[in-house]
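# Summary of structural features
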Amino acid sequence: MPANTVPIFPLTPKTAWGSVATANTAKDGTGTVVTVFTAGTNGSKIDQIKVRPLGTNVATVLRIFINNGSANSTPANNSLIHEKTMANSTLSEVAELADTDLLIPKGGDVAVPIPYLPPGYKINVTVGTTIAAGLQVTVHGSDY
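Description of the structure in this document.

Rules used throughout
Residues numbered from 1 in each chain as written. Predicted model: local features only at pLDDT ≥ 70, side-chain atom pairs only at ≥ 80, totals over all residues. Heavy atoms only, no water. Helix = DSSP H or I, 4+ residues; strand = E, 2+ residues; numbered from the N terminus. Buried < 20%, exposed > 50% of the residue type's maximum accessible area, 1.4 Å probe, protein only. Contact = heavy atoms within 4.5 Å. Areas by Shrake-Rupley, 256 points an atom, 1.4 Å probe, with all protein chains shown as cover. Phe/Tyr/Trp six-rings, centres within 6.5 Å; stacked < 30°, edge-to-face > 60°. Lys NZ or Arg CZ within 6 Å of the ring centre and 35° of its normal. Pairing = 2+ DSSP bridges. Core = buried A, V, L, I, M, F, W, Y, C linked by side-chain atoms within 4.5 Å. Axes fitted to C-alpha atoms, helices over the stretch in contact; angles between N-to-C directions. Salt bridge = Lys/Arg side-chain N within 4 Å of Asp/Glu carboxyl O.

In terms of helices and strands, the chain carries 0 helices and 11 strands. Counting helices and strands in the order they occur from the N terminus, the chain gives β-β-β-β-β-β-β-β-β-β-β. The proportion of buried residues among the 144 residues of the chain is 38%. Of the contacts made within the chain by residues no fewer than 6 positions apart, 79% connect residues no fewer than 24 positions apart. Just so you have it, the chain exposes about 8000 Å², and 57% of that area is on carbon and sulfur atoms.

All chains considered together, the criterion is met by 1 aromatic pair. Lying over the aromatic face of F37, K14 brings its terminal NZ or CZ to 4.8 Å of the ring centre.

We now examine the environment of S70. Tracing the backbone shows S70 in the loop between β4 (60-67) and β5 (78-86). Separated by 51 residues in sequence, S70 and Y121 place their C-alpha atoms 8.2 Å apart.

What follows covers the pairing of β4. In terms of residue burial, β4 counts as a mostly covered element, since 8 of its 8 residues are buried. Taking every second residue as pointing to the same face, both faces of β4 are buried, with T60, L62, I64 and I66 on one and V61, R63, F65 and N67 on the other. For β4 and β5, the ladder comprises 8 bridges, and the chain directions are antiparallel. Residue pairing in the sheet places I64 in a bridge with H82 of β5. Where β4 meets strand β10 (residues 122-127), 6 bridges bridge the pair, whose relative direction is antiparallel. Along β10, the bridge assignment pairs R63 with T126.

This brings us to the nonpolar core. One finds I46, I49, L62, I114, L117, I123 and L135 to be the most contacted residues of the largest nonpolar core, which totals 22 residues. Residue assignment for this core shows that the elements contributing at least two residues are β1 (12-20), β2 (34-38), β3 (44-53), β4, β10 and β11 (135-143). Sequence-distant contacts of I49, defined by excluding residues within four places in its chain, comprise T100, D101, L102, I114, I123, V137, T138 and V139.

In spatial order, the strands read β2-β10-β4-β5; together these 4 strands make up an open sheet with antiparallel pairing. Lying at the two open borders of the sheet, with one neighbouring strand each, are β2 and β5. Ignoring which end each strand starts from, the neighbouring axes of this sheet average 25 degrees apart.

Here we come to the pattern of salt bridges. Enumeration over the complete set of coordinates arrives at 6 salt bridges. Among the salt bridges present, the one from D143 reaches K14, with a minimum N-O distance of 3.6 Å. Of the two residues, D143 is situated in strand β11 and K14 in strand β1; the sequence distance between them amounts to 129 residues. Each of K50, R52, D99 and D101 takes part in one network of salt bridges that share partners.

This is the structure we're talking about:
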């Protein structure tokens with residue numbers, strides 16, 4: 001059986017981000033979404049997704065969708081891949097706000113970030129309830 005015997009390494013480091021604060025209760029990726037990452041012309045590898053509150057927020061849920069690069073208004077173009085409860089946060093000038101590294105459970109104690117995206121695919125995010133300050137979602141990865 002033929003196999004790729006030469007390791008393929010990402011070519012260009014890539015970091016992208018977006019802020020989300022307005023509620024979207026659709027579970028199919030439609031409605032108002034924030035695109036936080038778009039894969040390059042040869043696809044992309046995702047290494048980390050970090051979420052930080054931007055100030056005082058009530059608790060909410062962050063939803064992560066993969067979109068196939070087409071309009072997110074068509075439910076079939078989107079896949080809900082992960083949800084994460086985000087605790088309430090209170091802005092302080094003397095204490096840090098907790099950040100969250102998102103990992104997707106693969107069973108047991110194993111969890112990984114979204115490993116690969118085909119060319120043009122996007123990572124979109126929403127929140128379940130409107131929050132005052134918002135969440136900053138930063139994706140670290142690279143393009144092939």
